[in-house]
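# Topology and contacts: notes
Each chain is listed here by its residues.
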Amino acid sequence: KTIEPTLLKYAADVCISLVLNDILSDDNLVSVWDELVKPFLVTVVSEDKLDAANKKLYAECQFYAKANEVAEEDDGTENLCDFKFTLAYGSKILLHNTNLKLKRGHRYGLLGGNDSGKSTLMRSMAAGQL
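Owing to the predicted nature of the structure, the values given are computational and were not obtained by experimental measurement. (Residues numbered from 1 in each chain as written. Predicted model: local features only at pLDDT ≥ 70, side-chain atom pairs only at ≥ 80, totals over all residues. Heavy atoms only, no water.)

## A closer look at the side chain of Thr120
Quick note on the threshold: Counting from the N terminus, the helices are DSSP H or I runs at least four residues long and the strands are E runs at least two residues long. To sort residues, take the accessible area from a 1.4 Å probe on protein chains only and compare it with the maximum for the residue type: under 20% means buried, over 50% means exposed, and anything in between is partly exposed. Any pair of residues with heavy atoms lying within 4.5 Å of one another is described as a contacting pair.
Along the chain, Thr120 turns up in helix H4 (residues 118-126). You can call Thr120 buried: its relative accessible area is 14%. Each residue touching Thr120, except ones within four places of it in the same chain, is listed here: Leu87, Ala88, Tyr89 and Leu94.

This is how it looks when you write it as structure tokens:
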């Protein structure tokens, strides 16, 4: 079977995004990998090898995602925060499994569309709720 290059690139982007966002670290989201990735695999892998290929692809994506992580230089400044969090406003999840690292003396910008959670994030930070 052959796969169109545009479709292959999209499938690869989906896989890497899922791995980089630790999509499988949450038990409720384990099925998301299968839901988003298997439709692409079906086009290139026979049905009897689908589950094995799916597991192998995930392992490969994890390996390459970790290999491509940028090593951060220690500039000697104090970390103000360095953690992963989820932020919601009412029942609306604004940020899920989001990494935040801020250092003293550095300047940061916060960009986002209307209703994306900028003010909620800043209020939560000011209140020490993160």
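## Brief notes about H4
For clarity, the cut-off: Arc, as used here, means the arc of the directions from the helix axis to the C-beta atoms.
When H4 is considered as a whole, its buried residues turn out to be Thr120, Leu121 and Ser124. The arc that holds the buried residues of H4, viewed along the axis, is 100 degrees, so those residues lie on one side. Exposed side chains of H4 directed beyond 90 degrees from the buried face belong to Arg123 and Ala126. Packing partners of the buried residues in H4 comprise strand S1 (79-89) and strand S2 (92-103). Gly128 sits one or two residues past H4 and shows a positive phi near 70 degrees.

## A closer look at the pattern of salt bridges
Cut-off, in case you're wondering: By definition, a salt bridge exists where a carboxyl oxygen of Asp or Glu is found within 4 Å of a side-chain nitrogen of Lys or Arg.
Overall, the coordinates contain three salt bridges when judged by the stated rule. With its nearest N and O atoms 3.8 Å apart, the salt bridge here joins Lys101 to Asp82. With a gap of 19 residues between them, Lys101 in strand S2 and Asp82 in strand S1 connect regions that are remote in the sequence. With relative accessibility at 31%, the residue Lys101 sits in the partly exposed group. The partner of Lys92 in a salt bridge is Asp115, and the shortest N-O contact between them spans 3.9 Å. Taken together, the residues Lys92 in strand S2 and Asp115 in the loop between S2 and H4 connect sequence positions 23 residues apart.

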